[in-house]
Amino acid sequence: MTDTDLYQADPGPLRAAAEAAELAQAVTGLVSIDGCRLADSDPLAPLARDIARSLTEAGLTVHHCAQHDPLYRLGGVCVLAVPAESGTGSSGIAVSWTVHNLLLLDWDRYGTYAGTQQAMNTALGCVLRAFGYPVTPFGSGGAWLVTGRPGTEAGR
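First things first, this report covers the structure right here in the doc.

So, the pattern of salt bridges
Here is step 1: Scanning all chains against the criterion turns up three salt bridges.
Here is step 2: Between D40 and R49 there is a salt bridge, with the nearest N and O atoms lying 3.5 Å from each other.
Here is step 3: Residue classification places R49 among the partly exposed positions, given a relative accessible area of 23%.
Here is step 4: Between R53 and D50 there is a salt bridge; the shortest N-O distance is 3.9 Å. Of this pair, R53 and D50 both sit in helix α3 (residues 45-57), three residues apart, which is roughly one turn of that helix.
Here is step 5: Residue R53 is classed as partly exposed on the basis of its relative accessible area of 31%.

Examining the sheet that holds strand β1 (residues 31-32)
Here is step 1: With mixed pairing, the five strands of this open sheet are ordered in space as β1-β2-β3-β5-β4. Two strands close off the open sheet at either side, each with one partner strand: β1 and β4 (135-138).
Here is step 2: Together, β2 (76-82), β3 (92-98) and β5 (143-146) form the strand contacts of α3, whose direction differs from that of β3 by roughly 35 degrees.
Here is step 3: The sheet contacts of helix α5 (residues 110-130) involve β2, β3, β4 and β5, and relative to β3 the element is tilted by about 140 degrees.

Rules behind the numbers
- Residues numbered from 1 in each chain as written.
- Predicted model: local features only at pLDDT ≥ 70, side-chain atom pairs only at ≥ 80, totals over all residues.
- Heavy atoms only, no water.
- Salt bridge = Lys/Arg side-chain N within 4 Å of Asp/Glu carboxyl O.
- Buried < 20%, exposed > 50% of the residue type's maximum accessible area, 1.4 Å probe, protein only.
- Helix = DSSP H or I, 4+ residues; strand = E, 2+ residues; numbered from the N terminus.
- Pairing = 2+ DSSP bridges.
- Contact = heavy atoms within 4.5 Å.
- Axes fitted to C-alpha atoms, helices over the stretch in contact; angles between N-to-C directions.

Structure representation (structure tokens):
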């Protein structure tokens, strides 16, 4: 061991700051069903933030679902608050995969697009279950509806 090994700076504070920034970035793209930024006062906001953090910890990128967002084209996991009043029957957070626009807009590779959507949505269901979220299929495109947090009555 050299003398310099004994005096290396502790990367812990820098790592913690980077992780906090990554988690903050993940929640900035959260939107409500009308495509507007999800308000902190929305009753589904805490659950949406928890899911975005969990997915970030799993190594996935949270999609910026608002079409006017410059990062919209990049794809990732769409985390969308769905209130019961929207006609879906129950409120929760819809979670689905969105491909990058490079694949989405290339109609010559539609089969690749459809296969990617199906594979990633299936994987998302597994990841959400691994974190303990209660999930049910949502819609016809392979999305999932998360109805509660892990460890709550809805999550059991």
